[in-house]
Amino acid sequence: LIGASSPAERDAVLRPFAERGLEERVLFTDFTPLETMLRHVRRADICLAPYPADNRMLATATPTKLVEYLAMGRRIVANLHPDHCVAAQSAPALVTLCAFSEDAFAEALEQSAATPEPDIQAQADATQWVRDQRSYDRLSDLVRAVYARTITPRRARATT
């Protein structure tokens, strides 16, 4: 797991692995420089993208991990979340969606692990979707369009 985590979070993550005698396969990195983090992601069999879908989170943030993993052509288990669902439609061979619970993630991990590794074309398609839909150029165009609709006077909108 890349990034900071509390002892309680580590215990919760390790519990199902420890029950199977696999706790030594879990690596907690805390803060990691980007280059090191990308090496870990490239080596991962399956990447996890948990993100709460409660109203408070939806009002203030959008998850990015799933998109980052898609850009790298990795297999992903992510919970049901509006943005995860949109991104998953672009790469069904790479993304397994589930509820936001320990049991659901465990089941989705088993399901993902039982499927064949996505082929080169599926990986390339996912990477291209990220370029087309989530690049800074694309996102800035979307923001610009929203601002134009929001701040253009009603009279000017009616005549255009």
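First things first, this report covers the structure right here in the doc. (Residues numbered from 1 in each chain as written. Predicted model: local features only at pLDDT ≥ 70, side-chain atom pairs only at ≥ 80, totals over all residues. Heavy atoms only, no water.)

1. Observations concerning the overall build of the protein chain
Piece 1. From N to C terminus, the protein chain includes nine helices and three strands.
Piece 2. The helix and strand sequence of the protein chain, counted from the amino end, reads α-α-β-α-α-β-α-β-α-α-α-α.
Piece 3. Projecting the C-alpha coordinates of the protein chain onto the three principal axes gives extents of approximately 70 × 35 × 30 Å.
Piece 4. The buried share of the protein chain, reckoned over its 160 residues, is 28%.
Piece 5. Taken as a whole, the protein chain presents about 10,900 Å² of accessible surface, with 57% of it coming from carbon and sulfur.
Piece 6. Within the protein chain, the 21 negative side-chain charges are centred at a point lying 11 Å from the centre of the 19 positive side-chain charges. (Helix = DSSP H or I, 4+ residues; strand = E, 2+ residues; numbered from the N terminus. Buried < 20%, exposed > 50% of the residue type's maximum accessible area, 1.4 Å probe, protein only. Areas by Shrake-Rupley, 256 points an atom, 1.4 Å probe, with all protein chains shown as cover. Lys, Arg positive; Asp, Glu negative; His and termini not counted. Charge placed at Lys NZ, Arg CZ, Asp CG, Glu CD.)

2. What to know about the nonpolar core
Piece 1. Grouped together as the largest cluster of nonpolar side chains are 19 residues, with contacts concentrated most on Ala49, Leu66, Tyr69, Leu70, Ile76, Leu94 and Val95.
Piece 2. Counting residues per element, the ones that place at least two in this core are α2 (34–43), β1 (47–49), α4 (65–71), β2 (76–79), α5 (82–90) and α7 (120–134).
Piece 3. Formed by six residues, the second largest nonpolar core is a distinct cluster that contains Val77, Ala104, Phe105 and Ala108. (Core = buried A, V, L, I, M, F, W, Y, C linked by side-chain atoms within 4.5 Å.)

3. Looking at the pattern of salt bridges
Piece 1. Across all of its chains, the model carries seven salt bridges by this definition.
Piece 2. For Arg15, the salt bridge goes to Glu102, with nearest N and O atoms at 3.6 Å. With a gap of 87 residues between them, Arg15 in helix α1 (residues 7–19) and Glu102 in helix α6 (residues 102–114) connect regions that are remote in the sequence.
Piece 3. We classify Arg15 as partly exposed; its relative accessible area is 41%. (Salt bridge = Lys/Arg side-chain N within 4 Å of Asp/Glu carboxyl O.)

4. Looking at the packing of α7 against helix α8 (residues 136–151)
Piece 1. Where α7 meets α8, the closest approach of the two axes is 5 Å, and the angle between their N-to-C directions is 35 degrees. Of α8, the residues touching α7 (which contributes Asp132, Gln133 and Arg134) are Tyr136, Arg138 and Leu139.
Piece 2. Classifying every residue of the contact of α7 with α8 by side-chain character gives two nonpolar, one polar and three charged. (Axes fitted to C-alpha atoms, helices over the stretch in contact; angles between N-to-C directions. Contact = heavy atoms within 4.5 Å. Nonpolar A, V, L, I, M, F, W, Y, C, P; charged D, E, K, R; others polar.)

5. Quick look at the state of the cysteines
Piece 1. Using the criterion set out here, one finds zero disulfides in the structure.
Piece 2. The structure places no disulfide on Cys85, whose sulfur is separated from the nearest cysteine sulfur, that of Cys98, by 10 Å.
Piece 3. Residue Cys85 is classed as partly exposed on the basis of its relative accessible area, which comes to 27%.
Piece 4. The buried category is assigned to Cys98, whose relative accessible area is 7%. (Disulfide = S-S within 2.5 Å.)

6. Topic: the pairing of β2
Piece 1. Of the two faces of β2, the one carrying Ile76 and Ala78 and the one carrying Val77 and Asn79 are both buried.
Piece 2. The pairing of β1 with β2 spans three bridges and is classified as parallel. Pairing of Leu48 across the sheet is with Val77, part of β2.
Piece 3. The β-α-β motif built from β2, the intervening α5 and the parallel element strand β3 (residues 95–98) has right-handed crossover chirality. (Pairing = 2+ DSSP bridges. Right-handed = clockwise from strand over helix to strand, strands pointing away.)

Function cannot be read off these values alone, since they describe shape.
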